[in-house]
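So you can see what is in the structure, the chains are spelled out below.
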Amino acid sequence: ALLAFRRASAEVSAATAEPPCVLCRWGEALALGPNLNSFDEPRLLASIPSAFQKAQAALQLLESSPTLSPLECGLVRALKHRYLPTAAEYVMNESRLTHSYALEMER
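Residues numbered from 1 in each chain as written. Predicted model: local features only at pLDDT ≥ 70, side-chain atom pairs only at ≥ 80, totals over all residues. Heavy atoms only, no water.

S.K.: Is there a simple way to think about the state of the cysteines in this case?
M.R.: Simply put, disulfide is the name for a covalent bond between the sulfur atoms of two cysteines. Taken as a whole, this structure holds one disulfide when the rule is applied. A disulfide bridge connects Cys-21 with Cys-24, and the sulfur atoms are separated by 2.3 Å. Between Cys-21 and Cys-24 the sulfur-sulfur dihedral comes to about 75 degrees; the bridge is accordingly right-handed. The exposure class of Cys-21 is partly exposed, given its relative accessible area of 22%. (Disulfide = S-S within 2.5 Å. Buried < 20%, exposed > 50% of the residue type's maximum accessible area, 1.4 Å probe, protein only.)

S.K.: Please explain the nonpolar core as it appears in this structure.
M.R.: Among soluble globular proteins, nonpolar side chains are generally buried collectively. Val-22, Trp-26, Leu-62, Val-76, Leu-79 and Tyr-83 are the most contacted members of the largest nonpolar core, which has 19 residues in total. Mapped by element, the contributors of at least two residues to this core are helix H2 (22-32), helix H4 (48-62) and helix H5 (70-78). Tallying contributions element by element places H4 first for this core, with six residues. Discounting chain neighbours no more than four positions away, the residues touching Leu-79 are Trp-26, Ala-29, Ala-55 and Tyr-101. (Core = buried A, V, L, I, M, F, W, Y, C linked by side-chain atoms within 4.5 Å. Helix = DSSP H or I, 4+ residues; strand = E, 2+ residues; numbered from the N terminus. Contact = heavy atoms within 4.5 Å.)

S.K.: Looking at this structure, how should I read the packing of H4 against H5?
M.R.: Closest axis-to-axis distance for the H4/H5 pair is 9 Å, and the angle between their directions is 140 degrees. Taken together, H4 and H5 sit at an angle that is classed as oblique. H4 and H5 meet at a crossing whose hand is left-handed. Listed contacts from H5 to Ala-58, Leu-59 and Leu-62 of H4 are Cys-73, Val-76 and Arg-77. (Axes fitted to C-alpha atoms, helices over the stretch in contact; angles between N-to-C directions. Parallel < 35°, antiparallel > 145°, perpendicular 65-115°, else oblique. Left-handed = near helix turned anticlockwise from the far one by under 90°.)

Right under this line is the structure:
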């Protein structure tokens, strides 16, 4: 499903959702950034600042979303361990981030 993610449609849906949609932001952040098989692809590296911003937005919305399940909250919180603000920081820390994110996803 993630491979078929339609970024433009999701961004419109997430931006217009009322109340603001935490899992929409989570999905955007997850789909934007590099993945385990192509972490150094230039197009995906270029998306890191945007993925980081979407992840931060999801984390901020999480504080005011009491209806999410513990699983959903865990998925959103795991994003703290997936991205850094810039592609350069991400590349320098990719191994640590990948390991940390994997550990968070196991919780």
